Amino acid sequence: MNFIKHEYILVTVLILVGLGLNIFLTAYTTFWIDESMVVNLSYESNSKIISELLTKEAHPPAYYFLIKIIRIIFGDREMYFRLFSSLYFVLTGFYIYLFGREIGGRSSGLIALVFWSSNYFLLFYSKQARPYSLLAFLSIASAYYLCMLLKKYRTKYAVYYIVITVLGLYTNYWFTLLLLAQLIVLFKEKNIKVWSALIGAGLLFMPWAIIYLSRFNNYGIGQWIERPGLASIWESLGYFGWGQWLIIIPGIVCGVISAVVNNNLNFKKLWLLLIYFLVPIGLAFGISQFVPIYTPGRREIVLAPIFIVMLAYLFSRIENRKWQIGISILLILFTFQTALNFNAQAQEWQSSDLSVIQEIKSEIKSGDYIILYGLTNTNYNYYARRLGINNDKIYFPVNMEFNQNSLGPIQEISFDSDKLKTNIQILKEKIDGVEHANFFVLITNDAASAVLITSLDGNLKKIKEIIPQKPHMPTWIDRVVVYEK
């Protein structure tokens, strides 16, 4: 008990626990397509990146340029990009502790660190080259500095808040929902300087927002996103407390009862946390009835740190050290078990997109062609670049060449048989223009690709198929069919 009285030692230990779980959790053996999409775009010129993001993509530019800088300095390897996500994970923990301590005192800050270190949602994205780990860090840092400004205005806090918030806005559009929640938090605030900081951050994002809204034309990119119902919010809650709800639910109940009995619940602080959490997710739910922005298990990670602080505040209302230590151990053990299960699954994977593309490289010859169906292009383009495969490519459907990161073209031919026939005819004409070559067709198994294969079978000689060994890491490349002409 004397040991745990030293707060700085406990903070260090808990951060090391979180880092240890981060290291223990296995990353995907190769890039998932969302990771490849980001790095692929980083090879374009700065003007092309901005143009693509303003017209075709659903993301602001900050993370893309960060990835480009990392690639230029360190080189193009999965590990380098993912290490930075792990760094943001650690920074998120530091600010979760600071914010938790401001909200509920020492015990609240330490319990928040326990929740951070064992939050599988944050851990999962800390091992991927995607913007979500950075987004979580920026969200809690922004909330913390706004809290400090409300406590006592200082110019340095205002500068930190503006910089962090602007970076968040330029990282993901869900951050605008968090900004609106902060606007509600400031509703009764009379300090014009605090208002100026929030408004200033919003104004610095306005140029990009206005141009984006006026130029964006790729609405097909969200066609795969279904209109959310209440089940979507329930699914999001599952991610927030991934693998821990059997502890979280009783803990909340006990925390509330203890707070009422001991009269140590500050409703103003709890209400502030609820606003931070409920307003963005409520707005996302409402907006997605018209524009598809809500995809459970991704962007709402911007709220995960606030969720953690809210839980920590309620758990800390039970002022019993043995109970707090016991709950902390259980939370960490539950997450360790979840990570252990994922690691076991990953160890069973016998193949990946990289192994499939390496097999293509061993067989493809100069003059042969690659036919890329749908989103098979994403990982192929990434790993073919690294492996030095420079064969000509044909995209199917044809619009995929100009919209490589979207399911929109696939959705079109899946529900419109005339468009499917037109695209097959265009492909046939391209193949007819080749005198003699092999065609390596990368396929995702679905109804449209089945029609494509039937057409190719009737016009070319099938010589083999490359089938990934099972179990296979989750992918869009289900098989590669090789034809000869």
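Notes on the structure follow. (Residues numbered from 1 in each chain as written. Predicted model: local features only at pLDDT ≥ 70, side-chain atom pairs only at ≥ 80, totals over all residues. Heavy atoms only, no water.)

## Some details on the overall build of the chain
For step 1, the next point in the chain: When helices and strands are counted, the chain shows 21 helices and five strands.
For step 2, the next point in the chain: By the compact-globule yardstick of 23 Å for 485 residues, the chain fits well, its C-alpha radius of gyration being 25 Å.
For step 3, the next point in the chain: By its C-alpha atoms, the chain is 80 × 45 × 45 Å across when sized along the principal axes.
For step 4, the next point in the chain: Classification of the 485 residues of the chain by burial places 55% in the buried group. (Helix = DSSP H or I, 4+ residues; strand = E, 2+ residues; numbered from the N terminus. Rg over C-alpha atoms; globule rule 2.2 N^0.38 Å. Buried < 20%, exposed > 50% of the residue type's maximum accessible area, 1.4 Å probe, protein only.)

## A short note on the environment of Ile364
For step 1, the next point in the chain: Along the chain, Ile364 turns up in the loop between helix H17 (353-363) and strand E1 (369-373).
For step 2, the next point in the chain: Placed 181 residues apart in sequence, Ile364 and Leu183 show a C-alpha to C-alpha distance of 58 Å.
For step 3, the next point in the chain: Not counting residues up to four positions away in its chain, the partners in contact with Ile364 are Ile370, Ile389, Asn391 and Phe440. (Contact = heavy atoms within 4.5 Å.)

## Focus: helix H21 (residues 447-459)
Helical geometry note: an α-helix holds 3.6 residues per turn, so side chains three or four residues apart project in the same direction.
For step 1, the next point in the chain: Taking 1.5 Å as the rise per residue, H21 with 13 residues should run 18 Å; its terminal C-alpha atoms sit 19 Å apart, in good agreement.
For step 2, the next point in the chain: Within H21, the full set of buried residues consists of Ala448, Ser449, Leu452, Ile453 and Leu456. Projected down its long axis, H21 shows its buried positions confined to an angular sector of 135°, all on one face. Turned more than 90 degrees away from the buried face of H21, the exposed residues are Ala447, Thr454 and Gly458. (Expected span 1.5 Å × (residues − 1). Arc of directions from axis to C-beta.)

## Comments concerning helix H9 (residues 155-169)
For step 1, the next point in the chain: Between its terminal C-alpha atoms H9 stretches 21 Å, which fits the 21 Å expected from 15 residues at 1.5 Å a residue.
For step 2, the next point in the chain: Of the surrounding elements, those touching the buried residues of H9 are helix H8 (132-151), helix H10 (175-185) and helix H11 (192-215).

## Description of the pairing of strand E3 (residues 438-443)
For step 1, the next point in the chain: Counting buried positions along E3 gives six out of six residues, so the element sits mostly inside the fold.
For step 2, the next point in the chain: Side chains of E3 alternate between two faces, with Asn438, Phe440 and Leu442 and Phe439, Val441 and Ile443 buried alike.
For step 3, the next point in the chain: Inspection of the sheet shows E1 paired to E3 by four bridges, in the parallel sense. In the sheet register, Ile371 faces E3, and the bridge partner there is Val441.
For step 4, the next point in the chain: Note that E3 and strand E5 (residues 479-484) share six bridges and pair antiparallel. (Pairing = 2+ DSSP bridges.)

Just geometry here; none of it tells us what the structure is for.
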